[in-house]
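Next come the chains, spelled out residue by residue.
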Amino acid sequence: MLSKPITRYYRAPIAGFLMFVLFLNGLMIGYASSLGDKVVTTNSAWAKSANYDEIIKNRLQPSVQSSWTKIFNNGTVAGLALADINGDSANELIIAREQNFVPVGFYVEAYLGNGKLLWRSQFAPYELEPGKGVLAVGDIDGDKSLDIVVSSSRIGLGQSNAALLVYESNGQLKSGWPIIAEIAKFTGPTLVDLNHDKALEILVGYWPSSGSGNPLELRAYKANKELLWKVNGPTGWPQMIKPTVSDIDGDGSPEVITIFHSIFNSKIYIKKSDGSDFNSPFLLMYERISVPPHVVDLDGDGEKEIIVGTSVQQPDSGKVHIYDKDWVEFSGWPKLTGNQRLYDSVPVLADLNDDKKLEIIVNSKVGKVYAWQMDGTLLDGFPAIDSYPDTSWAKQPVVGDINDDKELDIVFNSADCRLNAVEAGGKNLVGYPRQLFMADNQPCGAIHQVLLGRLGKARQNYIIVAADGALFVISTSGLN
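Cut-off values and rules
Residues numbered from 1 in each chain as written. Predicted model: local features only at pLDDT ≥ 70, side-chain atom pairs only at ≥ 80, totals over all residues. Heavy atoms only, no water. Helix = DSSP H or I, 4+ residues; strand = E, 2+ residues; numbered from the N terminus. Contact = heavy atoms within 4.5 Å. Areas by Shrake-Rupley, 256 points an atom, 1.4 Å probe, with all protein chains shown as cover. Patch = residues over 30% accessible without salt bridge, like charges linked within 9 Å, V, L, I, M, F, W, Y side chains within 5 Å. Salt bridge = Lys/Arg side-chain N within 4 Å of Asp/Glu carboxyl O. Buried < 20%, exposed > 50% of the residue type's maximum accessible area, 1.4 Å probe, protein only. Pairing = 2+ DSSP bridges. Axes fitted to C-alpha atoms, helices over the stretch in contact; angles between N-to-C directions. Disulfide = S-S within 2.5 Å.

Draft legend 1. Structural detail: the overall build of the chain. Summing up its helical and strand segments, the chain has one helix and 34 strands in all. Contacts in the chain between residues far apart in sequence, at least 24 positions, make up 53% of those at least 6 positions apart. Carbon and sulfur atoms make up 50% of the accessible area of the chain, which totals about 17800 Å².

Here's what the structure looks like:
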């Protein structure tokens, strides 16, 4: 539930202890801002981690760092996070990237704000699944030091196992880890304190190979690798996505949302923090949910709504739904996104027009970004359109002030290695859309993730892009 407005904006609820820890690590608070909390991200009340990168709280200040790019030949940057992992009161950039050719494997790396490598750790021969939330950062053992959790979420070349790894803040593999799952896969990890012990558990979806006949599972691991609990998923459903956590009913304990899907259908389960059922599962026929939902109290009734984006086979389109905890859909919903399926775009919520209400923002295929008001009407100026022909999947947009005008902007990928940014009224910002290039003016491959947040000592926001072959860190100074 959203708390009462502070000045004219909403602030997501955060427990006192959580706020204190995050303030010390510089993960959320940073510098004072006239923007307030106009952007809301999934799990903001529960994930004591670096996955707050999309929450933009701060005015831009003069730049003390420039843009930089890292080129990875035959590599893919699969995941990003911002966190202060070395205690210098500034965010470092943590990435997970895979090497596609010999030596096959993946790297976890930490960079300072100026682009200098802080440390690098290699794990072979496992692979990553780009853009699926393979990286999370948080304190899993309560020692007030951040840990980096990475999941190998697909079967790699020449082997059939998956790995769940935990790294210390200095890049060393945590004692006792990893967990190796034979002939299996993991989803991306979600970090949450399920049992109120001031340490985070690791939630992952686990599924064996399709020929094993074993059911998919939702697992909760403790820092010592022991299972807090595990629950079986439904039989006959071949895939599941990264778990989502949020206190849906406002009772002080988080619920866990996990989604199973086939090519055509989806089934949503909500579990209590002990793994028991919260309510009855919900079956969505002929619509595939392949990204986590967004959970927030939209109407101020003290209970949170569940916002999901889907891909519809017939007719070929995307849909956005808003349900309450009893699976009753909001009036005026669902909304269609034309012939653009929502495979990889998580809905984002922000107050774009200063009406103290949240808009629902979705990046769809073919370069269109939609912004709906709670009643289902489109915000003026939307959909914002980039007419460049697009053959890629749209990723989750990010929202924040990138041109120092004290208004929110939307940054999103609109094609392979093409980045766009529009103001709250839907008009393109100066200099956008822009093509991202590697060496020799060669464009990079597909974009897998976009972040917006503080990095290093600079009092400004950076646009950070994970792509095939490259990592782009783009200064927003001087964009106005």
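Draft legend 2. Layout of a nonpolar patch on the surface. Together, Ile 263, Phe 264, Leu 283, Met 285 and Tyr 286 make up an exposed nonpolar region whose accessible area comes to about 530 Å². One can find Tyr 286 in the loop between strand E19 (282-284) and strand E20 (287-288). Look at Tyr 286 and you get exposed, because its relative accessible area is 57%.

Draft legend 3. Layout of the sheet that holds strand E9 (residues 179-181). Pairing within the open sheet is antiparallel, and its four strands lie in the order E6-E7-E8-E9. The two strands at the open ends of the sheet, each matched to only one other strand, are strand E6 (135-138) and E9. On average, adjacent strands in this sheet sit at an angle of 15° to one another, irrespective of strand direction. By the bridge criterion, four bridges tie strand E7 (residues 147-151) to strand E8 (residues 162-167) in an arrangement that is antiparallel. Each residue of the ladder has a partner; that of Val 149, found in E8, is Val 166.

Draft legend 4. Structural detail: the state of the cysteines. Counting across every chain of the model gives one disulfide. One disulfide in the model links Cys 417 with Cys 444; its S-S distance is 1.5 Å. Across the disulfide from Cys 417 to Cys 444, rotation about the S-S bond amounts to roughly 105°, and the bridge is consequently right-handed. Here Cys 444 lies in the loop between strand E32 (434-435) and strand E33 (447-454) and Cys 417 lies in the loop between strand E30 (409-415) and strand E31 (418-423), a separation of 27 residues in the sequence. Under the relative-accessibility criterion, Cys 444 is labelled buried at 7%.

Draft legend 5. How the structure looks around the environment of Ser 280. Checked against the element boundaries, Ser 280 lands in the loop between strand E18 (266-271) and E19. Sequence spacing of Ser 280 and Trp 327 is 47 residues, and the spatial spacing of their C-alpha atoms is 9.2 Å.

Draft legend 6. Quick peek at unusual backbone geometry. Note the cis peptide between Trp 177 and Pro 178, where omega equals 15°. Tracing the backbone through its elements, the reader meets Pro 178 in the loop between E8 and E9. Looking along the chain, the bond that leaves Tyr 432 and enters Pro 433 is cis, with omega of 0°. Among the secondary structure elements, Pro 433 is positioned in the loop between E31 and E32. Despite not being glycine, Lys 198 shows a phi value in the positive range, around 65°. Tracing the backbone shows Lys 198 in the loop between strand E11 (190-192) and strand E12 (201-208). At Asp 354, a position not held by glycine, the phi torsion is positive, near 60°. Looking at the secondary structure, you find Asp 354 in the loop between strand E25 (348-350) and strand E26 (359-364).

Draft legend 7. Local environment of the pattern of salt bridges. Throughout the structure, instances matching the rule amount to eleven salt bridges. Of the charged contacts, one joins Glu 168 and Lys 174 as a salt bridge, the two residues approaching to 3.2 Å between their closest N and O atoms. Of the residues examined, Lys 174 reaches a relative accessible area of 8% and is grouped as buried. With a closest N to O distance of 2.4 Å, Asp 277 and Lys 271 form a salt bridge. Through salt bridges with shared partners, one network takes in Asp 141, Asp 147, Glu 168 and Lys 174.

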